[in-house]
Structures are given as C-alpha cells and as structure tokens.
There are 2 protein chains.
Amino acid sequence: MIKSLNKNQIKELIDNSDIALSHQEISKRLERQCDRVTIYRALDKLMEEGFIHRIVDVDGVSKFAACHGCTKNHHHQHVHFSCSVCSSVTCLEEIEPDFSLPEGYQVQEMNITLSGVCPVCSA
Amino acid sequence: MIKSLNKNQIKELIDNSDIALSHQEISKRLERQCDRVTIYRALDKLMEEGFIHRIVDVDGVSKFAACHGCTKNHHHQHVHFSCSVCSSVTCLEEIEPDFSLPEGYQVQEMNITLSGVCPVCSA
DNA sequence: TTATTAACGCAACAGTGTTGCAAATTAAAT
DNA sequence: ATTTAATTTGCAACACTGTTGCGTTAATAA
Ligand SMILES: [Mn+2]
Ligand SMILES: [Mn+2]
Ligand SMILES: [Zn+2]
Ligand SMILES: [Zn+2]
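Cut-off values and rules
Residues numbered from 1 in each chain as written. Chains lettered and ligands numbered in written order. Predicted model: local features only at pLDDT ≥ 70, side-chain atom pairs only at ≥ 80, totals over all residues. Heavy atoms only, no water. Donors = N, O, S within 2.8 Å, 3.2 Å for Na, K, Ca; no water. Tetrahedral: all angles 85-135°; square planar, octahedral: opposite > 155°, others 65-115°. Buried < 20%, exposed > 50% of the residue type's maximum accessible area, 1.4 Å probe, protein only. Helix = DSSP H or I, 4+ residues; strand = E, 2+ residues; numbered from the N terminus. Pairing = 2+ DSSP bridges. 1 Å grid on protein atoms, 1.4 Å probe; cavity = no way out; pocket = protein on both sides within 12 Å on 5 of 7 lines; lining within 4 Å. Points joined across faces, edges and corners; volume = space filled by probe spheres on them. Nonpolar A, V, L, I, M, F, W, Y, C, P; charged D, E, K, R; others polar.

## What about the coordination of the zinc ion (ligand 4)?
All names here are of chain B. For the zinc ion (ligand 4), every protein donor is listed as Cys 83 (SG), Cys 86 (SG), Cys 118 (SG) and Cys 121 (SG), and the spread of their distances is 2.2 to 2.4 Å. Around the zinc ion (ligand 4) sit four donor atoms, and with donor-metal-donor angles ranging over 104 to 120 degrees the site reads as tetrahedral. Of note, the donors binding the zinc ion (ligand 4) are all from one chain and are spaced C-x2-C-x31-C-x2-C. Take Cys 121: its relative accessible area is 28%, and that puts it in the partly exposed class.

What follows is the structure, encoded as structure tokens:
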C-alpha cells in the first residue's frame with residue numbers, strides 16, 4: 001500500500017499549497033527529511049506523470065505547482081504571477097492570453113510569468 | 001577614450017546577435033578572454049543602463065538581448081521564442097499579448113517565453 | 001603628476017541540478 | 001515463508017550558475 005513515501009508527501013505538499021513551491025521550500029516543509037536528490041527525482045517523476053508543472057520564475061528559480069486536468073502532455077497556457085515582495089508564485093489558471101505568431105513557429109509550451117506586487121502585499 | 005574594454009565588447013556581441021546570448025555563449029565569443037565575474041558584472045551594468053534585458057529561458061538559463069528604446073526603466077511586454085532544437089532564444093518584439101488580471105495585481109515586469117520549434121529548424 | 005574612480009582578476013562560497021553506484025524497501029513470484 | 005525482482009533512497013562526486021570580498025591595475029579628474 002505504501003509506495004514511495006517521499007514522492008507522495010511531496011505531491012501532497014504541492015497539491016495543498018496555493019502557491020508554487022521551490023525545491024528548497026519543499027525540502028524545508030518535509031517532516032521526514034530526505035536527500036536533495038530524492039526530491040529532484042520525485043519532482044521529475046511527478047512532472048512526467050502529469051501531476052505537477054514547473055514554472056521558471058523571473059529570477060530563474062524553478063517552482064512547482066499542481067496541474068488540473070493534465071495527463072502526460074501538459075498544456076499550460078495560463079499566466080503566472082510572481083510577487084517581488086513575498087516571492088510567491090501563483091498560477092492564474094483563468095488567464096490565458098492569446099496572440100498570433102509569424103509563420104513557421106511551432107509552439108509546444110509556454111512559460112508566462114508576470115512580476116510585480118500581489119494582492120496580499122499591495123493591500 | 002577606451003573605457004571598459006570587456007563591457008563594450010560584450011555590448012557589441014549582444015547588439016550584433018539576432019538571438020539572445022547566455023553568459024556561457026558570451027564567454028566563448030569573447031576574443032580577449034576575461035574572468036567569469038567580469039562578465040556577470042558587465043551584464044548587470046548593461047541592464048542597469050537600459051542597454052540589454054534578461055530573458056529567463058524555459059529551462060531557467062538566463063539569456064541577454066539588446067533593448068530597443070529602453071532607458072533605465074525597462075518595458076518588455078514582448079514575446080520570446082525558445083527553440084527546443086537549436087536552443088536559440090529570439091525576441092519577437094512585435095508580439096505583445098494583452099490580457100487583464102484580477103483586481104489587486106500590480107504588474108511591473110513580464111517574462112513571456114514560448115518554446116517549440118523555430119522557423120529555421122522547422123523548415 | 002597625483003588623487004579618485006572604475007574595471008578587472010582571483011579566491012572563496014552558496015546554490016542548483018545531474019549522474020553513478022550501493023544499500024535499503026517494497027512488491028512479486030516461487 | 002523464502003527468494004527474487006523492481007523501486008526507492010542516500011551518498012559522493014561533479015559541472016554549472018551567480019555572488020561577494022579584496023587587492024591590483026587601468027582610466028579619468030583634479
Ligand atoms: Mn501554472
Ligand atoms: Mn526580449
Ligand atoms: Zn506578495
Ligand atoms: Zn531552432
């Protein structure tokens with residue numbers, strides 16, 4: 001019944017978080033401390049399996065958030081917001097900007113991250 | 001007359017490139033080899049001065065491209081395209097998607113990077 | 001020329017992400 | 001229950017990115 005303690009706990013953490021979590025944040029929040037590499041591997045697997053997606057923050061830091069309705073092929077057109085005050089990254093799943101590209105570009109993925117001040121920090 | 005040999009040469013490299021350049025690529029292209037740190041510092045300065053802007057690629061790699069019409073306050077709403085075949089990152093300065101955010105979000109910067117296959121590699 | 005400022009190189013460090021290998025756990029088969 | 005096979009984990013090592021402090025050299029100003 002119990003398989004992959006760490007991976008499942010990491011999945012729980014991400015699922016239950018309203019903001020995207022970095023490797024570092026995940027590491028800190030894990031009760032049962034585990035090796036860094038274990039976390040990297042778990043994140044890779046979870047992405048492969050379509051449970052989470054990676055968001056590259058404006059400063060290059062990778063953060064991870066739950067997918068809603070992804071199988072193995074991720075489709076994330078939605079916008080992310082990165083707060084420069086509290087450093088939180090949030091998925092704005094409702095917001096999907098559209099635009100047309102010149103001929104010849106084949107789009108597979110998109111990473112859209114706006115940065116500024118989030119509602120909490122600007123209140 | 002000659003001031004900041006390296007910084008100026010780095011600026012030239014970026015200005016004359018049609019794709020965004022990473023720190024690594026800049027380092028290789030510099031004839032007069034210089035210290036890694038010097039390049040980082042030059043890039044920071046050039047950004048401060050509004051000559052170049054940083055694009056965070058989908059894999060977290062920072063790339064740098066020339067600004068056209070930025071002073072000290074950068075304004076880059078435009079889209080970037082990252083080719084998964086040739087790893088090139090290109091500014092699509094004409095393409096500026098628009099969308100509206102929920103109340104409370106104050107946008108300062110945006111990093112929009114689409115990935116897929118570029119016209120050259122898809123031809 | 002001399003003083004001041006900016007640019008540079010070097011060493012050291014913290015952090016991220018990857019790989020290989022061996023030990024430990026879990027699941028499956030006998 | 002025992003043995004076997006497959007996963008999961010930890011650890012060491014490594015390459016790479018980015019930052020900081022400090023002493024030195026080169027450029028600009030006085
Ligand atoms: Mn998202
Ligand atoms: Mn650009
Ligand atoms: Zn905030
Ligand atoms: Zn290409």
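## Observations concerning the pairing of strand β3 (residues 62-66) of chain A
All names here are of chain A. The buried fraction of β3 amounts to four of the five residues, a majority that puts the element mostly inside the structure. In terms of strand pairing, strand β1 (residues 21-22) meets β3 through two bridges, oriented antiparallel. Each bridged residue has a counterpart across the sheet, and for Leu 21 the counterpart in β3 is Phe 64. The sheet contact formed by strand β2 (residues 52-56) and β3 spans five bridges and is antiparallel. Looking across to β3, one finds that Ile 55 is bridged to Lys 63.

## Notes on the layout of surface pockets
Each pocket or cavity is described by its volume, and for the largest pocket that value is around 470 Å³. Those elements that provide at least two residues to the lining of the largest pocket are β4 (79-83) of chain A together with β2 (52-56) and β6 (106-117) of chain B. Looking at the lining of the largest pocket, its residues break down into six nonpolar, 12 polar and five charged. Empty space within the second largest pocket amounts to approximately 410 Å³. Forming the walls of the second largest pocket are 17 residues, and the residues nearest its centre are His 53, Arg 54, His 74, His 76 and Glu 109 of chain A. Looking at the lining of the second largest pocket, the elements that each hand over two or more residues are β2 and β6 (106-117) of chain A.

## Overview of the coordination of the manganese ion (ligand 2)
Residue and element names in this part refer to chain B. Every protein donor of the manganese ion (ligand 2) is accounted for by His 53 (NE2), His 78 (NE2), His 80 (NE2) and Cys 91 (SG), and the metal-donor separations fall at 2.0 to 2.4 Å. Ordering the donors of the manganese ion (ligand 2) by residue number gives the pattern H-x24-H-x1-H-x10-C. Of the two residues, His 53 is situated in strand β2 and His 80 in strand β4 (residues 79-83); the sequence distance between them amounts to 27 residues. Here the two residues His 53 and His 80 agree in accessibility, since each one is buried.

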